[in-house]
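Read off the chains here:
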Amino acid sequence: MRERKSISARRPAAVSGRKNPGRPKHDYSKELMELVVEAANSRVLPEFLRGFAERTAEMLDAEWAGVGEIVGSRVEIYTRRPGYPANEKEREWLGQGLRRRRPGLEVFPLKRTSQHIAFYPIYASDGELMGTLCLLRKAAGFSRAEEKLLAALASHAALSMEKVRRFSQLERSKKQWVEDIDAISDYIAVHDQAWKIVRTNRSLATELGIPPAALVGEPISSLRHIAETGSALPCPFCRDTREAREEYIATSAGRTFLVSTSRTRGVTEEESRTIHVLKDITDRREAERRYRELFDSIQEGLFFATPEGQFLDVNDALVRMLGYESAEELLRADVSAHLYPTPAAKARLVSAIAERGALRNYEETLRKKDGGLLHTMQNISAVRDALGQVVQIRGLMLDVTEQKMFQSQLQRERDFNQKILNTTQSMILVLDTAGLISYANRRCYEAGYRKDELIGHRLVEWVEGSHQKDFEAALQTTAHGQQVDNLELRARRADGSLGHFSISLSPMRDEANQVNNVVVVMTDITDAALLQAKLAHAEKMATIGRLVSGVAHEVNNPLAAILGFTDLLLENPEMPAAAREDLQIILQETQRTKEIVQDLLSFARQRPTQKEPVNVNAVLRQTIKLRSYDFSSHGVEVSEEFEANLSPTLGDAQQLQQVFLNILNNAYDAIQESGNHGRIRIRTRRAEDDVEVAFMDNGTGVVDPERIFDPFFTTKQAGKGTGLGLSICYGIVRAHGGEILCWNNEGESGSTFVVRVPAATETSLAAAVKEAGR
Amino acid sequence: MTATAMPRPAAAILVIEDEPSVRAFVRAALERRGYKVVQASSGAAGLQLLERGSFAGVISDIRMPGNINGADVHEWIRTNQPQMASRLILISGDTANSETQHLLASSETPCLEKPFRVQKLISMVEKTFGKP
C-alpha cells in the first residue's frame, strides 16, 4: 500500500448526510441478509470478523476495512486486506481510534493521501464497547444510507461477537466441567431411569481400564463389581429410588466406600438422572478403626468434652478409672456435678483452659461413682474455632492416687523424721567419711553452735584433744560399716566449756551399699554424769555411814568395859603409883577412842538433834568471830557477802556452826600451807529452795575433791586431825537434808566449799514447832 | 557377894545386858557401892525376872539380840509395872540411831552412853534409884 506518513485528527470532517448517488450497485438489504446467514454459520469469531470486514469494505467502497475487537487492554484487528496499518505509528493511531467511545460515526482525513478514515463503534447489547468498525476510503462524506448501513453492520457485528463469545464461553465451561469431574478421584457414575449409564468420570473409567465414553449406554449393573452393596435393584448403588439423596457405607472386597447418591428430577422421565459418587474411604476407615482401638485399649483415660466440662466421648480406661459401668453412664449430663468434689474445682479447670488453652500435668481430685476420691493428673488441650472460642476440650487423664498416697505417706514419714530430728534432745549430725559435717539438726543450733562453725568442718575439732584419737578410730570403724555405740568422751560445748558426751555413730549407705555418710548422735550427759557421780557418792557415803555406825556400836561395848574397869582399878587405893600412871594412859587413850567413835557416829547421824529455825548469817558471824583472832593475826582477809533477809533453815545451830568452823579451819590451814596472802570470801544467798553458803579461799586447793568427805581421808600430817572433820560436816549437812560440795577454783588457786541446806518453809516451820512441843 | 551378905536386906537392881564384860563392870561398880545386883543376859530373861520379883530399879541395854530389846523392856514396864517406869536407866552404844533417839526423847528415860565413867553410872543410879 501507499505510504501514509501522518494522519491528522485535528479536525474531523463533518459527517454529512450527503448522498453518494453514484453508487447504486449495492443491494444493502440482500448483502446484510447474507451476512446474517454467514454469521449464523460461523462459530469461529476471527474468521467471521475477517469476512465481515471484507464485506464491509466492499459494501461501502472502502479501500480497506477492519474490525477492532477489544480484548482486555488489547485491541485485536481483524482484516482480510493487510497492508494497513503499515507501521507502528499507524497501528498506534488506529488503536486509539478503535478505542474511541464516542457514539456514532467519526471521519478523519488522512494527510497527503487524501483518504479518509472512518470509525464506527460496536456496542454490545448491555452497552459495553466491544470494538470498532473501521474504514479507509477516498470519499470523506457518508450518505445517510451508508451511515445507516454502518449502524446496521455494527449491530450485526455486535450480535455475532456476542453470540460467538457466549458460545465459546459455554464450550469452555462445559469442557472445564468435564475436566473438573474427571479430576475428582472419587468414582462418579450417572444413570438414567432406564438404568443405563449416562456418564462416568475418568477415575471410574480408569479403574475399569476403558475410556469413559465406552461406558455410556451400558447398563449400570455392569458396575456391580466395583462395589457389591447387596442391592436388589438393577443399580448396585441405589437403595431407595424415592429418596432425593442417599448416603451409606458399603464394604466390598476389603474396600470401603461412602456411597453418596443424588437424584435429579427432569421435566420428563427420561431426563431424570441418578448420580452416584463412590468415595473410597478404606484408609480412613482403617485409620478410624485403629484410632478407636487405641482410644479404647489405652490404659490412660482419654476424653473429649464440651468447654463446660461435659464429656462427649470417653474411653474404657476412663470409665473404669471413675468406677462407672459404661461410657453411656459417664456421658450422662448430670455426671460432672458428682465428678467434681466442689463446683469451684470445676470452674477453676474450665477457666484455666479458656485462659491458657492447654494444661500440662494438671492435678485434680475427682469423685468416683462410688464417692471415693481419685487423684488424677491431666493433660488437657482446647480446640478453638476461628474466633478463638473454645469449642471442645480434649484430655488425657492418669490415675495418680497411688502415687499421691505414696507421696503423702512419704511426706508423713519425712515430717515424722524431721520432727524426731528436730525435737530430740540429742544433737544429730551427718558426716561424710572424711569426717566433715554436712548436716546438723536443730538441737545443735539450740545448743548454741553456729551453722558456719559446723557445716563443712571436721567434727573431731570439737572433741577434746585427749579423746580425738578415740573419736577418729570410731569414725574409721563406722566408715567400714560397723556401728559404734555410746562412746563417751569430752567435747567442747558451743560456749567453750567442756562437756561430757555420749556419742553413737552409724553408717549410712548409698545405692551401691557403700558407706558414704556417718550419722552421729551426740548427747550431752554432763548433767547425767554429775548426777550419777553425786548419787554414787551419796551411796558410798551411806554405805560408809552404815559401816561406821555398826563398827562404832561394836567398839563401844569393849570400850565401855575397858573404861569401866580402868575406873574401878583406879578406885582401888592399893594400886601402886606406877600402875596408876599406866592406868591413866589407858584411860586417856580410851577417852580418845571414845571421841573418834563419837565423831564417826556424828558422820553417820541421820537427823539433827535439834530442829529449830536457824539464821545462817548469824551462825556464820559467830563462827567467824571464834577464829577472828587467828585470821587477823595471820593477815587472812575474810569478806562477808551475806544476802540480807536470808531465809532461815531448820536444824541445829550448834551442828551447823561445827560445819562452818570446820570449813573455815580447813581454809585457814590451806592458806597457811600455800603462803599466799590469805583471802576467804564467804557468800550466802538463797538458791532456789536452798540457803547456800559458799566459802572461797585462795589456799593450796584440795588434792582430791571427790574424796575429801570420805572418813579418814586427810592430807594433813598425822596428829593434826583425825581426818573425820569434813566427814562429820558431810554427815551433819546430809542430816539437815542438804548437800556439801567442794571443788578447786578454776583459773585461780584455792578451793570452794558450798553448803546448801533447805530453806525453811511455812509448812516445815509449823511441823518443827509441833515436834518441839511434843 | 550375895544378897544375904548385905546388912539390910534391900531390893536388888536388875541389870539386863547381853555384853558380859559390860554386865560384869556394871555389877562390880554397883556392888562395890553396896547395891544388890541381879543380872539378866537378854531382854527375855530380864522380863521373866521382872515378872517374878520386885526390884529397886532396872538398868537395860537398848540394843540386844533376841526378840526383846531395851525399847520392849521399857514398854513392858510401862504397861505391867507402871510404878517402875521412873526406875529405869537405859544403856546405849549408839545414840545416833534415830530409833534410840526417838525412844529417849519420847520416854524421858535417863540414858548412859557407852562408854561411860563409873562416876556417871553411880550418880545416875543414886539419882534414879536412891542410895543403897
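These figures come from a predicted structure and were not determined experimentally.

Re the sheet that holds strand β17 (residues 437–440) of chain A
All names here are of chain A. Spatially, five strands are ordered β17-β16-β20-β19-β18 in an open sheet, and the strand pairing comes out antiparallel. Each edge of the open sheet is held by one strand with a lone partner, namely β17 and β18 (484–492). In this sheet, adjacent strand axes meet at a mean angle of 30 degrees when their direction is disregarded.

Some points on the nonpolar core
All names here are of chain A. By size, the foremost hydrophobic cluster in this structure holds 45 residues, and its most contacted members are F660, I682, F695, F709, F753 and V755. Here the element with the most residues in this core is helix α18 (residues 653–674); it accounts for eight residues. Beyond its immediate stretch of four places on either side in the chain, V755 contacts V659, F660, I663, V691, E692, V693, F695, V733, E739 and I740. The next biggest cluster of nonpolar side chains, apart from the first, holds 33 residues, and it includes L60, A118, Y120 and M161.

Description of the environment of E688 of chain A
Residues and elements named next belong to chain A. Turning to its location among the elements, E688 is positioned in the loop between β24 (679–687) and β25 (690–697). E688 gets classed as exposed once you look at its relative accessible area, which sits at 75%. Along the chain, E688 and P758 lie 70 residues apart, while their C-alpha atoms are 9.2 Å from each other.

Quick look at the packing of helix α2 (residues 43–52) of chain B against helix α3 (residues 70–80) of chain B
Residue and element names in this part refer to chain B. At a minimum axis distance of 10 Å, the contact between α2 and α3 shows a crossing angle of 20 degrees. By the angle between their directions, the pair α2 and α3 is classed as roughly parallel. For the crossing formed where α2 meets α3, the hand is right-handed. Contacts between α2 and α3 pair G43, L47, L50 and E51 from the former with V73, W76 and I77 from the latter. In the contact of α2 with α3, the residues fall into five nonpolar, one polar and one charged.

A few points about the interface of chain B and chain A
If you look at the interface, chain B gives 24 residues, while chain A gives 24 residues. Per-residue buried area on chain B facing chain A is highest for R63, P115 and R117 of chain B; these three make up 28% of the total on that side. Counting the contacts that link chain B with chain A gives two salt bridges. Close ionic contact of R117 of chain B with D567 of chain A constitutes a salt bridge, the shortest N to O distance being 2.8 Å. If you look at where chain B meets chain A, you find nine residue pairs in polar contact (both at pLDDT 80 or more). Where the side of chain B that touches chain A is concerned, the elements lending two or more residues are α1 (20–32), α4 (98–107) and α5 (118–129) of chain B. At seven residues, α1 of chain B tops the list of elements feeding residues into the side of chain B that touches chain A. Grouping the amino acids of the side of chain B that touches chain A by side-chain chemistry returns nine nonpolar, six polar and nine charged.

Re the confidence of the model for chain B
Residues and elements named next belong to chain B. Taken as a whole, chain B shows an average pLDDT of 87; of its residues, 92% reach a score of 70 or greater. Across residues 1–8, where pLDDT falls below 50, the model places five contacts with residues more than four positions away in sequence or in other chains. The complex prediction reports pTM at 0.42, with the ipTM value standing at 0.88.

Things to note about the side chain of T256 of chain A
Along the chain, T256 of chain A falls in strand β9 (residues 255–264). When neighbours within four sequence positions are excluded, T256 of chain A is seen to be in contact with I249, A250, T251, K279, D280, I281, T282 and R285 of chain A.

Describing the pattern of salt bridges
Residues and elements named next belong to chain A. In the structure shown here, the tally under the stated rule is 39 salt bridges over all chains. Between E146 and R137 there is a salt bridge, with the nearest N and O atoms lying 2.9 Å from each other. For the pair formed by E146 and R137, the shared burial category is buried. A salt bridge links E246 to R263; the nearest nitrogen and oxygen atoms lie 2.9 Å apart. In this pair, E246 sits in strand β8 (residues 245–252) while R263 sits in strand β9, placing the two residues 17 residues apart along the sequence. Judged by relative accessible area, which is 8%, R263 ranks as buried. A single network of salt bridges, built from pairs that share partners, joins R683, R685, E692, E739 and R756.

Points about the sheet that holds strand β14 (residues 373–384) of chain A
All names here are of chain A. Strand order in this open sheet of five strands is β12-β11-β15-β14-β13, and the pairing throughout is antiparallel. Two strands in the sheet have a free side with no partner beyond their single neighbour: β12 (311–314) and β13 (358–367). With direction set aside, neighbouring strand axes in the sheet form an average angle of 30 degrees. Across three bridges, the pairing between strand β11 (residues 301–305) and β12 is antiparallel. What sits directly across from F303, in β12, is V314. Sheet strands touched by helix α10 (residues 343–356): β13, β14 and β15 (390–399). Its angle to β13, the strand with the most contacts, is close to 170 degrees.

Reading the values: rules and limits
Residues numbered from 1 in each chain as written. Chains lettered and ligands numbered in written order. Predicted model: local features only at pLDDT ≥ 70, side-chain atom pairs only at ≥ 80, totals over all residues. Heavy atoms only, no water. Pairing = 2+ DSSP bridges. Helix = DSSP H or I, 4+ residues; strand = E, 2+ residues; numbered from the N terminus. Axes fitted to C-alpha atoms, helices over the stretch in contact; angles between N-to-C directions. Core = buried A, V, L, I, M, F, W, Y, C linked by side-chain atoms within 4.5 Å. Buried < 20%, exposed > 50% of the residue type's maximum accessible area, 1.4 Å probe, protein only. Contact = heavy atoms within 4.5 Å. Parallel < 35°, antiparallel > 145°, perpendicular 65-115°, else oblique. Left-handed = near helix turned anticlockwise from the far one by under 90°. Nonpolar A, V, L, I, M, F, W, Y, C, P; charged D, E, K, R; others polar. Buried area = accessible area lost by both parts, 1.4 Å probe. Salt bridge = Lys/Arg side-chain N within 4 Å of Asp/Glu carboxyl O. Polar contact = N/O pair within 3.5 Å; in protein donor to acceptor, adjacent residues only side chain to side chain. pLDDT = per-residue confidence, 0-100.

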